[in-house]
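Report on the structure
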Amino acid sequence: MEFTEWIRGRTDEQLRALVSARPELITPVPAHLEGLASRAGSPSAIGRVLDRLDRFTLAVVETLAVQDGPVAKERLRELVSAALGGAGPEPDAGTAGGGGDAEPALSAALDRLCDLALVYGPDDALDLGPGVRKVLDDPAGLGPRAVDAFRHHPPEQLDEMADDIAPGTRGSGKERLAAALAEPAALIGSVSPEARGALDQLAWGPPTGRVPNARREVRVASARSPIEELLARGLLAATGEESVTLPREVGLYLRGGRVHRGLLAVPPPLEGATRDKDLADRTAAGQAFSFVRSVEELCDRWSVDPPGVLRTGGLGVRDLKRTAGELDLPEWVAALVIEVAYAAGLIAAGGGVDGEWLPTSGYDLWRVRATADRWVALATTWLHMDRVPGLVGERDERDRPLNALHTDLRRASAPGVRAATLGVLAAEPGLAPSRDSILERLTWEQPRRRGPLRERLTEFALREAEQVGVTGLGALSVHGRALLEGGDPAEVLAPLLPEPVDHVLLQADLTAVAPGPLTSELNRWMTLTADVESKGGATVYRFSESSIRRALDAGHGGEELVSMLARHSATPVPQALSYLVTDVARRHGRIRVGTASAYIRCDDPALLDQITADRRSAALRLRRLAPTVIASRSSRAALVDSLRAMGYAPVAESLDGDVIISQLDSRRTEGPAPVRTVAAGNGLDPEVATAAVRALRAGDAAHLARREPVEAPGGQVPRGPATATISALQDAIKQGVRVWIGYLDSQGNATSRILEPARMEGGYLTAYDETRAAVHRFALHRITGVSGL
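An account of the accompanying structure is given in this report. (Residues numbered from 1 in each chain as written. Predicted model: local features only at pLDDT ≥ 70, side-chain atom pairs only at ≥ 80, totals over all residues. Heavy atoms only, no water.)

Quick notes on the overall build of the protein
When helices and strands are counted, the protein shows 33 helices and 25 strands. In terms of overall dimensions, the protein is more spread out than a globule: its C-alpha atoms have a radius of gyration of 37 Å, far above the 28 Å expected for 789 residues. Counting across all 789 residues of the protein, residues that qualify as buried make up 47%. Considering only contacts within the protein whose residues lie at least 6 apart along the sequence, 66% involve residues at least 24 apart. When the accessible area of the protein is evaluated, it comes to approximately 36,900 Å², of which 50% is carbon and sulfur surface. Put simply, the protein has 92 plus and 105 minus side-chain charges, and the middle of one group is 4 Å from the middle of the other. (Helix = DSSP H or I, 4+ residues; strand = E, 2+ residues; numbered from the N terminus. Rg over C-alpha atoms; globule rule 2.2 N^0.38 Å. Buried < 20%, exposed > 50% of the residue type's maximum accessible area, 1.4 Å probe, protein only. Contact = heavy atoms within 4.5 Å. Areas by Shrake-Rupley, 256 points an atom, 1.4 Å probe, with all protein chains shown as cover. Lys, Arg positive; Asp, Glu negative; His and termini not counted. Charge placed at Lys NZ, Arg CZ, Asp CG, Glu CD.)

Re the pairing of strand E15 (residues 539-542)
Two faces belong to every sheet, and in a regular strand the side chains alternate between them. Of the strand pairs in this sheet, strand E13 (residues 511-514) and E15 are connected by four bridges, and their pairing is antiparallel. Looking at the pairing, Val513 lines up with Val540 of E15. Of the strand pairs in this sheet, strand E14 (residues 531-534) and E15 are connected by three bridges, and their pairing is antiparallel. Within E15, the residue paired with Asp531 across the bridge is Arg542. (Pairing = 2+ DSSP bridges.)

Notes on the sheet that holds strand E5 (residues 243-245)
Strand order across the open sheet formed by three strands is E3-E5-E4, with antiparallel pairing between neighbours. The open sheet has two edge strands with one neighbour each: strand E3 (208-210) and strand E4 (237-238). Relative to E5, E3 runs antiparallel, the two sharing three bridges. Along E5, the bridge assignment pairs Thr208 with Thr245.

What about the packing of helix H16 (residues 277-304) against helix H26 (residues 520-529)?
Where H16 contacts H26, the two axes come as close as 12 Å, and the packing angle between them is 50°. In terms of axis orientation, H16 runs oblique to H26. Both H16 and H26 take part in a crossing whose hand is right-handed. Residues Arg293, Glu296, Asp300 and Arg301 of H16 lie in contact with H26, whose contacting residues are Ser520, Asn523, Arg524 and Thr527. Taken together, the residues of the contact of H16 with H26 break down into no nonpolar, three polar and five charged. (Axes fitted to C-alpha atoms, helices over the stretch in contact; angles between N-to-C directions. Parallel < 35°, antiparallel > 145°, perpendicular 65-115°, else oblique. Left-handed = near helix turned anticlockwise from the far one by under 90°. Nonpolar A, V, L, I, M, F, W, Y, C, P; charged D, E, K, R; others polar.)

Topic: the packing of aromatic side chains
Summed over all chains, the structure comprises six aromatic pairs. Between Phe3 and Trp6, the ring centres sit 6.0 Å apart and the planes meet at 20°, which makes this aromatic pair stacked. Of the two residues, Phe3 and Trp6 are both situated in helix H1 (residues 3-8); the distance of three residues between them amounts to about one turn of the helix. In this pair, the class of Phe3 matches that of Trp6, namely buried. Between Phe3 and Tyr120, the ring centres sit 5.3 Å apart and the planes meet at 75°, which makes this aromatic pair edge-to-face. Placement of the pair is Phe3 in helix H1 and Tyr120 in strand E1 (residues 119-120), with a sequence separation of 117 residues. Judged by its relative accessible area of 7%, Phe3 falls in the buried class. Here a set of aromatic residues connected by ring pairs shows up, and it is made of Phe3, Trp6 and Tyr120. A cation over an aromatic ring shows up here: Arg463 above the ring of Trp332, its NZ or CZ 4.2 Å from the ring centre. In this structure, Arg777 packs its charged tip against the face of Tyr764, placed 4.6 Å from the ring centre. (Phe/Tyr/Trp six-rings, centres within 6.5 Å; stacked < 30°, edge-to-face > 60°. Lys NZ or Arg CZ within 6 Å of the ring centre and 35° of its normal.)

Description of the pattern of salt bridges
For the coordinates displayed, the defined rule picks out 56 salt bridges. Between Glu297 and Arg301 there is a salt bridge, and its shortest N-O distance comes to 3.1 Å. Linking Glu297 with Arg301, this pair stays in helix H16, spanning four residues, or about one helical turn. Close ionic contact of Arg759 with Glu761 constitutes a salt bridge, the shortest N to O distance being 3.1 Å. Residues joined in a network through salt bridges with shared partners are Arg293, Glu296, Asp300, Asp364, Arg367, Arg374, Glu521 and Arg524. (Salt bridge = Lys/Arg side-chain N within 4 Å of Asp/Glu carboxyl O.)

Re the sheet that holds E13
Taken together, four strands build an open sheet; the order of strands is E12-E13-E15-E14 and the sheet is antiparallel. Of all the strands in the sheet, the pair left with one neighbour each is strand E12 (505-506) and E14.

Brief notes about the side chain of Thr766
Structurally, Thr766 is set in strand E23 (residues 764-769). Judged by relative accessible area, Thr766 falls into the buried class, the value being 8%. When neighbours within four sequence positions are excluded, Thr766 is seen to be in contact with Pro757, Ala758, Arg759, Val775, His776 and Arg777.

Overview of H16
The end-to-end C-alpha distance of H16, which contains 28 residues, comes to 41 Å, matching closely the 40 Å that a straight helix rising 1.5 Å per residue would cover. N-capping of H16 is provided by Asp276, with a side-chain oxygen placed 3.2 Å from the backbone N of Asp278. (Expected span 1.5 Å × (residues − 1). Polar contact = N/O pair within 3.5 Å; in protein donor to acceptor, adjacent residues only side chain to side chain.)

Looking at the environment of Thr371
By the element assignment, Thr371 lies in helix H20 (residues 371-384). The class for Thr371 is buried, based on a relative accessible area of 18%. If near-sequence neighbours (up to four positions away) are discounted, Thr371 is found in contact with Phe289, Val292 and Leu497.

Overview of unusual backbone geometry
Excluding glycine, residues mostly carry a negative phi; peptide bonds, for their part, are mostly trans. Cis peptide bonds are those with omega within 30 degrees of zero, and the linkage from Thr27 to Pro28 qualifies with -5°. Inspection of the secondary structure assignment puts Pro28 in the loop between helix H2 (12-21) and helix H3 (33-40). With a phi close to 60°, Ala140 is a non-glycine residue in the positive phi region. Note on placement: Ala140 falls in the loop between helix H8 (132-135) and helix H9 (146-149). When its relative accessible area of 12% is taken as the criterion, Ala140 is described as buried.

Structure representation (structure tokens):
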């Protein structure tokens, strides 16, 4: 049976399963089923679907690939059963995990392969789809067949080899050599133990090796080394000047007829520590709250003191270290916070020619949402973003540093690895699997995607999931499972989050203790008024002259600060703290600094006398212009900082004499859209799959009938309102009926068409055009009207 005819004989439900599992086959929709079959056999499409197969299903494909043609299911079961008998731990009786019955596992694998159009045909003649054998390099670790391995050898050399190992046979040298290697027992038995050892090393793959002067001409009688013994007998074939390969027939003989050494029909078991589910959920929820608060603190700090954008893009190493210190986080965690905030559209580059990293207007919208909703936005972004924060601090292939927020941190496979890693954690609730156990399971689930980068991405995903709050104590949390499976994470997370408190405990040593996570407004106010001394279960803040002055510079008054402290403290305001606020507020603003380059203005001449007499002011090059005014050649900012270092409390004023208040949260920029998320699974809408199959059937019927284009009905071209047009097309798609439409071509000419609509998305209608006898896409805004037939 031909592959195209087999595809054509599939039911609509089976075709929907095919295009749902392999959506790339209908991007765009082929004109007919013959085109679908051709696209299913393309190397790129086959490579993508093979990458998604688990180890056992891929082994079934490899077993078929090493056969010379179609194979009966019974013979395939024998080959697979031999491999299952040597695999891993002993299974339960009756299972297909080891030496038990392979029929259930094999049937399930074949059903899946047929659904994917990788295997086709009846049970007595199963074969791989077109192109699959070409895509598989060395299937099951077996080399090419002898006729392919020796195809580049000179005919004269092949004749000499055939004369040595198969004297008296007829045919060309390649044919005689291939016939001799089909039963290589005698040839293998005639080589030395050293040569047999070399064969055993290649038997289970990889089948290739490197030897000097591999293309040397050697005869059986003149062979002096183990490699020459193998080359002379055709047990090794030279594929290059220094490379050899083991012919497939020899490899299968050395394996005792088995294609694989050992297989597991079920995933390997996960090993690790069992966690209390409630404790793991609460731990993850606490970390989720901390991660949200870290992103909020990052954006608040960068709105006041934004770091610059490097000329090559990204964030400087010093800025990353400074941010990590301010957030009290390790550098790799700070990089994770920065990257997730950037991918979520909360920070972006802006601020002028040189560029600065600033919060976006989207941050203000995000900040006012509930904590659970804010976490969902961040966690969803982390799960689907292609940026890899774990690479920050490393160097690329050109030995250049990889900085945070740099474009080189993107890896296309990162979202898939995160989803696959969380999928492993979701397999056994309450279990915190070990790293090696997770890697082993992922290798079984997608063996073609294994490699050093994938292992590193898996390790990054595990540690980042813990920091983001998706996992707790190494086990997947209940809200992490809802995030992965498309549920409502916010609903299950909200009851687990720690309840924010709206008060602190003021101490006599000028400190304040927050007995829990503070509300956002109180946390922002405390961060402005005091310095964080330590974090943990209870955050400790310390009040100082500089922190009080910072609040005063932001526009708060002394009495207002004392009132806020009294309102939000569960203990009385200590006298020492009240005196500190009052004293700093009394001295704050008595000295005014403006622009001359800069000047100092004060209503108290005695205070200006004190400044000019101070030796530390010599570097400021001050000049007394009047009893209450001093001029300086320093800038206003430098003058304010110098006077504060001398112990005074100046404030800056504008040219109009007004005090300049340091406004917080005032700098914003417009950022890119947040990372686009995709639906769980393959993301193909069932209605799209149904419409695609309908279009394929209609196009294939026209292709087989080879009918001539149909004339559109005469008379007035259909016209109508846009809403009625779209509604009529949607009804036609659901009912599978033909319609008559009016359509404006690219030159604006009015035409009429008879269509079988298939699907409508993105402003376009995909339909079979009976007036053109082909599948076309029509712009909806050019359709003037619709009429039924």
